[in-house]
Amino acid sequence: MSDLTPDYPLDDFDRITTQVRMVSPLTALFAEAEERLLATNPGGFTPEDIGRLAWQLLPETERDTAFAELLYTFWEAVTADQETWTRIDLGGGAA
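Only a predicted model underlies this, so the values are computations on that prediction, with no experimental measurement involved. (Residues numbered from 1 in each chain as written. Predicted model: local features only at pLDDT ≥ 70, side-chain atom pairs only at ≥ 80, totals over all residues. Heavy atoms only, no water.)

Peer 1: Looking at this model, I keep getting lost on the nonpolar core. Mind explaining?
Peer 2: By size, the foremost hydrophobic cluster in this structure holds nine residues: Leu26, Leu29, Ala33, Leu37, Ile50, Leu53, Ala54, Leu58 and Ala66. Going through the elements one at a time, α2 (25-40) and α3 (47-57) are the ones with two or more residues in this core. Contact partners of Ala66, with chain neighbours within four places excluded, come to Leu26, Trp55 and Leu58. (Core = buried A, V, L, I, M, F, W, Y, C linked by side-chain atoms within 4.5 Å. Buried < 20%, exposed > 50% of the residue type's maximum accessible area, 1.4 Å probe, protein only. Helix = DSSP H or I, 4+ residues; strand = E, 2+ residues; numbered from the N terminus. Contact = heavy atoms within 4.5 Å.)

Peer 1: How do you make sense of the environment of Arg36 when you look at a structure like this?
Peer 2: Tracing the sequence through the fold places Arg36 in helix α2. The partly exposed category is assigned to Arg36, whose relative accessible area is 40%. In sequence terms Arg36 and Leu53 are 17 residues apart; their C-alpha atoms lie 9.1 Å from each other. Those residues in contact with Arg36 that sit more than four places away from it in its chain are Leu53 and Leu57.

The following block contains the structure:
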């Protein structure tokens, strides 16, 4: 049995909330930073601009958790990239 599937029947609340995507504070602040930059910098901005503004908006008490999230997300991206290149190198075709 998966950690995500309980071994007891789900009630209506559980069935509904299992379909709701979890949003971390960092994810929410990235979205807010992007909205602010769209409004204030119509000439454009970089992903780094979004990240730096999101970091500034993040409460100090949440920065350690957010930093760990960034590191794990980066590692997942590196791993996924390596897996993709391995499949391509082995003749598995483009992902």
